[in-house]
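Here are the chains, one letter per residue:
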Amino acid sequence: MRGLARGDRLHCGTGMAQSWGSFFYSLLDYKTEKFMIAKNKKVGVIFRLFQLGVIGYLIGWVFLWKKGYQEREEAIQSSVFTKLKGVAFTNSTDLGVHVWGAEDYVIPSQGDRVFFIVTNYLETPNQRLGLCAESPKVPDGLCSSNADCVKGETVTAGHGVKTGRCMNETSTCEIHGWCPVERSHTPSEPLLGKAENFTMYIKNFIRFPKFDFSKSNVLSTTNKTYLKTCYYNKDHHPYCPIFRVGDVVHWTGHNFQEMAVKGGSIGVVIDWSCDLDKDYSKCNPEYSFTRLDASKDSTNSVTSGYNFRFARYYRDADEQTYRSLYKVYGIRFDIMVNGQAGKFNIIPTVVNIGSGLALMGAGVFICDMILLYMMSTSSFYRERKFEPIGRRPRDMKHGRHHRHTQDGHHRKENKSTAEEQPLTPLSSRSAHNPARQPVAADSSLKPHSLERRQEPTVKLHRSPERKAMSPVWSSATPRSPLK
């Protein structure tokens, strides 16, 4: 039993070694494609439709729409200058008469890609440092006793520092700060409603460093009055960078008078999409305008609008400081420049064509899967497509040698068969062919030639199967003296 178990283990180990050996030898097998024409109309239609789809995608989307034959650059270099002009006149009970110029309503005044136009404001004049009651609209400033007003504590979202005293008249804490506190009421109409007639001058320079291409959105002209009389129009004046504020707000889909009450934010996008394979004049700026602070349906939300505060400080005759606090509403403009340029280059063209050819290969793979594994006749196609060849070159060489040997034996047998044919006597041949009748023997002729021609027939007599010879053969055979 022990010997039997030992033999089983030895047999198992040998089988595993052979299996691993077969596996490693299979790694050295080489697989090559075998082309097969399958007369299957369904798979053929699927393959052709896939090819048409790939060709349509490559030509229509990649080359015509996306211009895949071009080298692209999106790292645009840009510079923006802005300037505003316009004058507004206001006359109110609280503020009196005031004339507003660009230096008053534009913040900052130097001009940048982000600027602010004042359309409404609330002023709290003559504020001085002192003690006063906190505003009732500040929740942290409300109180019912002095215990609610901790001395030295700042009022959250308020206007000063608590003194520890609760003011019974207003039910708010007393604070130390700029008094009186700010007027906090919401305006109902814009004070600078005429600001929609203000003009914005937006000058933009761009450059694509990869292609060394640069351009501006301003028309190159020697006419000095052109920029003083033109307004931007997409069709008639695309290179006049002067815009009316009211027109810009209108292009966003909103009304200027409604927006000017609480303010807002507008984005001005200048897009440069340039095809440098075309003429220089075909690279033109495209403008788009959108409201950023709120959508069209949420203009009445508490989060819509834009405002901030600033103060102007003065000194009186006694050298005491006082100030005027302004809460201004207005429209913030953000100038954003985007762009990309493209120019023909052979490298992206070849890459995209190669990608299309790779997709063609995917179509072949899909159709092969359908043909070989998803049809009722798949086994038939698999047998025709996958043909293993196990004979090695050494065996094939031996086979060729064996075939040559067999061919040699066949040729010898054919030759022997031909030699076994009975020969016609010379006399009879001479009778039938007079041209070949024997001539008188000459001493110069060698009798060995005739004997050599008769050697194959003499050898044939040795075969036991050829004993019965024709009598014509024996009588017609010449016998020349050998000595």
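Residues numbered from 1 in each chain as written. Predicted model: local features only at pLDDT ≥ 70, side-chain atom pairs only at ≥ 80, totals over all residues. Heavy atoms only, no water.

Draft legend 1. Broad picture of the environment of Asp-368. Within the secondary structure layout, Asp-368 lies in helix α7 (residues 346-373). A residue is classified by how much of its surface remains accessible, and Asp-368, at 23% relative accessible area, is partly exposed. C-alpha separation for the pair Asp-368 and Arg-382, spaced 14 residues apart in sequence, amounts to 9.8 Å. With residues up to four places along the chain from it excluded, the contact list for Asp-368 reads Tyr-373 and Lys-385. (Helix = DSSP H or I, 4+ residues; strand = E, 2+ residues; numbered from the N terminus. Buried < 20%, exposed > 50% of the residue type's maximum accessible area, 1.4 Å probe, protein only. Contact = heavy atoms within 4.5 Å.)

Draft legend 2. The pattern of salt bridges, seen in detail. Scanning the model with the defined rule gives 11 salt bridges in all. Salt-bridge contacts for Arg-128 lead to Asp-316; the nearest nitrogen and oxygen are separated by 3.1 Å. In this pair, Arg-128 is assigned in strand β6 (residues 114-133) and Asp-316 in the loop between β14 (307-315) and β15 (321-344), connecting sequence segments 188 residues apart. Exposure remark for Asp-316: the relative accessible area of 21% places this residue in the partly exposed category. (Salt bridge = Lys/Arg side-chain N within 4 Å of Asp/Glu carboxyl O.)

Draft legend 3. Just the nonpolar core, in detail. Core analysis: the largest hydrophobic core is formed by 46 residues, its most contacted members being Tyr-105 and Phe-333. With residues near it in sequence (within four places) discarded, Tyr-105 still touches Lys-85, Gly-86, Val-87, Trp-100, Phe-116, Ile-117, Val-118, Leu-192 and Phe-198. (Core = buried A, V, L, I, M, F, W, Y, C linked by side-chain atoms within 4.5 Å.)

Draft legend 4. How the structure looks around the environment of Ala-157. Checked against the element boundaries, Ala-157 lands in the loop between β6 and β7 (160-167). Considered as a pair, Ala-157 and Gly-141 are 16 residues apart in the sequence and their alpha carbons are 9.1 Å apart.

Draft legend 5. Main features of the pairing of strand β9 (residues 199-208). With respect to burial, β9 is a largely interior element, 7 of its 10 residues being buried. Both β9 and strand β11 (residues 242-244) contribute to a ladder of 3 bridges, which runs antiparallel. Residue Tyr-201 lies in a different strand from β11, and its bridge partner there is Ile-242. By the bridge criterion, 4 bridges tie β9 to strand β10 (residues 213-216) in an arrangement that is antiparallel. Directly across from Phe-208, in β10, lies its bridge partner Phe-213. Taken together, β9 and the strand that follows it, β10, pair antiparallel across an intervening segment of 4 residues, in which Asp-212 is found at a positive phi of about 55°. (Pairing = 2+ DSSP bridges.)

Draft legend 6. Here's a closer look at unusual backbone geometry. For the bond from Ile-107 to Pro-108, the omega torsion is -10°, close enough to zero to count as cis. Tracing the backbone shows Pro-108 in the loop between β5 (106-107) and β6. Along the chain, Cys-179 connects to Pro-180 via a cis peptide bond; the corresponding omega equals -5°. With respect to the helices and strands, the residue Pro-180 is situated in the loop between β8 (172-179) and β9. Positive phi outside glycine occurs at Lys-67, with the angle close to 50°. Relative to the helices and strands, Lys-67 resides in the loop between α2 (41-65) and β1 (70-73). What makes Lys-67 partly exposed here is its relative accessible area of 24%.

Draft legend 7. Representation of the packing of aromatic side chains in the model. Scanning the entire structure with this criterion turns up 22 aromatic pairs. Ring geometry for Tyr-232 against Trp-251: centres 6.2 Å apart, planes inclined by 80°, an arrangement best described as edge-to-face. In this pair, Tyr-232 is assigned in the loop between α4 (226-229) and β11 and Trp-251 in helix α5 (residues 245-251), connecting sequence segments 19 residues apart. Residue Tyr-232 is classed as buried on the basis of its relative accessible area, which comes to 14%. For Trp-251, a relative accessible area of 38% translates into the label partly exposed. Ring geometry for Phe-380 versus Tyr-381: centroids 5.5 Å apart, planes at 70°, classification edge-to-face. Residue Phe-380 is classed as partly exposed on the basis of its relative accessible area of 41%. (Phe/Tyr/Trp six-rings, centres within 6.5 Å; stacked < 30°, edge-to-face > 60°.)

Draft legend 8. Main features of the state of the cysteines. Applying the stated rule across the entire model yields 5 disulfides. Each sulfur of the disulfide joining Cys-143 and Cys-166 lies 2.0 Å from the other. Disulfide Cys-143 to Cys-166: torsion about the S-S bond roughly 90°, handedness right-handed. Of this pair, Cys-143 sits in the loop between β6 and β7 while Cys-166 is found in strand β7, placing the two residues 23 residues apart along the sequence. A sulfur-sulfur separation of 1.9 Å characterises the disulfide bridge that pairs Cys-230 with Cys-240. (Disulfide = S-S within 2.5 Å.)

Draft legend 9. Spatial organisation of the side chain of Thr-119. As for its placement among the helices and strands, Thr-119 is situated in strand β6. Contact partners of Thr-119, with chain neighbours within four places excluded, come to Pro-190, Leu-191, Leu-192, Ala-195, Phe-256, Ala-260, Tyr-329, Gly-330 and Ile-331.

Draft legend 10. Expanded view of a positive patch on the surface. A surface patch of like charges, here positive, comprises Lys-83, Lys-85, Lys-224 and Lys-228. As for its placement among the helices and strands, Lys-228 is situated in helix α4. Relative accessible area serves as the criterion here: at 73%, Lys-228 is assigned to the exposed category. (Patch = residues over 30% accessible without salt bridge, like charges linked within 9 Å, V, L, I, M, F, W, Y side chains within 5 Å. Areas by Shrake-Rupley, 256 points an atom, 1.4 Å probe, with all protein chains shown as cover. Lys, Arg positive; Asp, Glu negative; His and termini not counted. Charge placed at Lys NZ, Arg CZ, Asp CG, Glu CD.)

Draft legend 11. Just the pairing of strand β12 (residues 264-275), in detail. Judged by how many residues are buried, β12 sits mostly within the fold: 10 of 12 residues are covered. Of the pairings in the sheet, the one linking β12 to β15 comprises 12 bridges and is parallel in character. Within the sheet, the bridge partner assigned to Val-269 lies in β15 and is Met-336. In this structure, β12 lies alongside strand β13 (residues 285-291), joined through 7 bridges in antiparallel fashion. Within β13, the position partnered with Val-269 by the bridge is Ser-288.

Draft legend 12. Region of the structure containing the environment of Arg-309. Looking at where Arg-309 falls in the secondary structure, it is placed in strand β14. Counting along the chain gives 18 residues from Arg-309 to Lys-327, while the straight-line C-alpha distance between them is 4.4 Å. In this view, Arg-309 contacts Glu-182, Leu-325, Tyr-326 and Lys-327; residues no more than four positions away in its chain are not counted. In this structure the side chain of Arg-309 is engaged in a polar contact, spanning 2.9 Å, whose partner is the side chain of Glu-182. (Polar contact = N/O pair within 3.5 Å; in protein donor to acceptor, adjacent residues only side chain to side chain.)

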